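# Structural features, examined
Here are the chains, one letter per residue:
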There are 2 protein chains.
Amino acid sequence: MSAVEDRRAALRETLIDAAERRVEADGLASIRARDLAKEAGCSVGAIYNIFDDLDALILAVNLRTFAKMGTEIRQAMAEAGDVPPAQRMIVMANAYLDYASAHPRRWRTLFDFKMSTESDVPEWYLKALGELFELIATPLRELFPEAEPERIDMLTRGLFSSVHGIVLLGVESRISGVPRARLEEMIAFIITAASDATLN
Amino acid sequence: MSAVEDRRAALRETLIDAAERRVEADGLASIRARDLAKEAGCSVGAIYNIFDDLDALILAVNLRTFAKMGTEIRQAMAEAGDVPPAQRMIVMANAYLDYASAHPRRWRTLFDFKMSTESDVPEWYLKALGELFELIATPLRELFPEAEPERIDMLTRGLFSSVHGIVLLGVESRISGVPRARLEEMIAFIITAASDATLN
DNA sequence: CCGACGATATGAACACAGTTCAAAGGAGAC
DNA sequence: GTCTCCTTTGAACTGTGTTCATATCGTCGG
């Protein structure tokens, strides 16, 4: 733990903080090496001493976003207390919607970010997504105790994707004006419909 | 219809053709003014005589994509013949999935394109989306003849968003390996569940 | 304390985008 | 033929991310 490492670790945090603020305020496009360096009080080159490139920095911001979103979702579920599985999924989905509409630019950045070479999706990204999926799989297993794991996985991804799609539509087109209540209705409808379905 | 106008119209087509080929082959990022000019056999400046900026050109490509996708979806529905409404929606959704997986980069470009100033979403964009929605609303009205228009609208957007989300997940993560059959299963499940649901 | 050397940080310079605009080119009128 | 006005051109400008020769710093032997 040399002084050098400390300094670098501190700068690393400072840079992520600055990038986070910028993403929150103005979105991914406002991340510029020179501005970031100025805001963090370092040289442009310093950024590249710490991160391979700006994408790596954005990935770091996204990691934080994932963590915060996960925390909020878990908290919402905890607050909801002991409710039936379908209801629990609705609470989760609404928490997801809440996060996305409270931090639209941050949330967009999660997905805007181009997985440049499609092969090298960082494994922590998949891990974070996996944890999110597990939150959905649990109530699904309660709802469909007979279903084999593959089936549960399919349902999990399908429901996540569906809710994600609805949130996407909602966040994109704040202007096109789908009111918040409608989005919650859609979510509740889809989840309820899925929960009430009989597996073939 | 002067010679100038003819020339410009021809170049316009040539440019959109070139951009289309590039999007199809390498995605949005491969649209570069200089390359495009070379491919179309014109100067860089000429592009700006015809389009306000490259975004306008990409929008023109997207318009074509919308049209082609619409055609394929309608065709799939025509081929399916006279089937019950839920089945019709499944055919439609699968045609959507087909298009997206056959032309992933083109399809991505539809959504990657940043509506720069979020207010000025071109009205034809909304119109094209509206037509797509109408295709969904029709079977929904058959399924739920009692539902008021607002309700139908909500269901339409919700289902479209859900299917879109599933397709998005599928196309994004060709690598993460959700097999095609699974995606079709998810789609069928969601649509069937929604169709069988009772509106509160 | 000094000096020297390897590690580290710096920011000017580079590569490469989109976009502009002064200048060249060309079509038509007389 | 030449004058005028519109069109077209591509070098130049702006603004990115990224690099790398150079300067600076920290450490340690003398």
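We now turn to the structure provided with this report.

Definitions and limits used
- Residues numbered from 1 in each chain as written.
- Chains lettered and ligands numbered in written order.
- Predicted model: local features only at pLDDT ≥ 70, side-chain atom pairs only at ≥ 80, totals over all residues.
- Heavy atoms only, no water.
- Near = heavy atom within 4 Å.
- Polar contact = N/O pair within 3.5 Å; in protein donor to acceptor, adjacent residues only side chain to side chain.
- Helix = DSSP H or I, 4+ residues; strand = E, 2+ residues; numbered from the N terminus.
- Nonpolar A, V, L, I, M, F, W, Y, C, P; charged D, E, K, R; others polar.
- Axes fitted to C-alpha atoms, helices over the stretch in contact; angles between N-to-C directions.
- Parallel < 35°, antiparallel > 145°, perpendicular 65-115°, else oblique.
- Left-handed = near helix turned anticlockwise from the far one by under 90°.
- Contact = heavy atoms within 4.5 Å.

### Quick look at the protein's contact with DNA strand D
- Every one of the 15 residues lining DNA strand D counts as a neighbour, but Ala33(A), Arg34(A), Tyr48(A), Arg7(B) and Arg8(B) are closest to it.
- Close to the protein, within 4 Å, the atoms of DNA strand D belong to sugar or phosphate groups at a rate of 60%.
- With respect to DNA strand D, the side chain of Arg34(A) contributes an N or O atom lying 2.6 Å from a base oxygen.
- Only α2 (33–40) of chain A together with α1 (3–26) and α3 (44–50) of chain B provide two or more residues apiece to the surface near DNA strand D.
- Along the lines of polarity and charge, the residues of the surface near DNA strand D split into six nonpolar, three polar and six charged.

### Describing the packing of helix α4 (residues 54–80) of chain B against helix α6 (residues 104–112) of chain B
Residues and elements named next belong to chain B.
- Where α4 contacts α6, the two axes come as close as 10 Å, and the packing angle between them is 120 degrees. When the axis of α4 is compared with that of α6, the two are oblique. By crossing handedness, the relation of α4 to α6 is classed as left-handed. Here Ile-58, Val-61, Asn-62, Arg-64, Thr-65, Phe-66, Lys-68 and Met-69 of α4 lie close against α6, whose contacting residues are Arg-106, Trp-107, Thr-109 and Leu-110.
- Taken together, the residues of the contact of α4 with α6 break down into six nonpolar, three polar and three charged.

### Regarding the protein's contact with DNA strand C
- Around DNA strand C, the surrounding shell holds 16 residues, and the nearest of these are Arg8(A), Arg32(B), Ala33(B), Arg34(B) and Tyr48(B).
- Close to the protein, within 4 Å, the atoms of DNA strand C belong to sugar or phosphate groups at a rate of 61%.
- Between Arg7(A) and DNA strand C, the recorded distance is 3.2 Å, taken from a side-chain N or O atom to a phosphate oxygen.
- One nitrogen or oxygen atom from the side chain of Arg32(B) is found 3.5 Å from a phosphate oxygen belonging to DNA strand C.
- Looking at the surface near DNA strand C, the element that brings in the most residues is helix α3 (residues 44–50) of chain A, giving four residues.

Just geometry here; none of it tells us what the structure is for.
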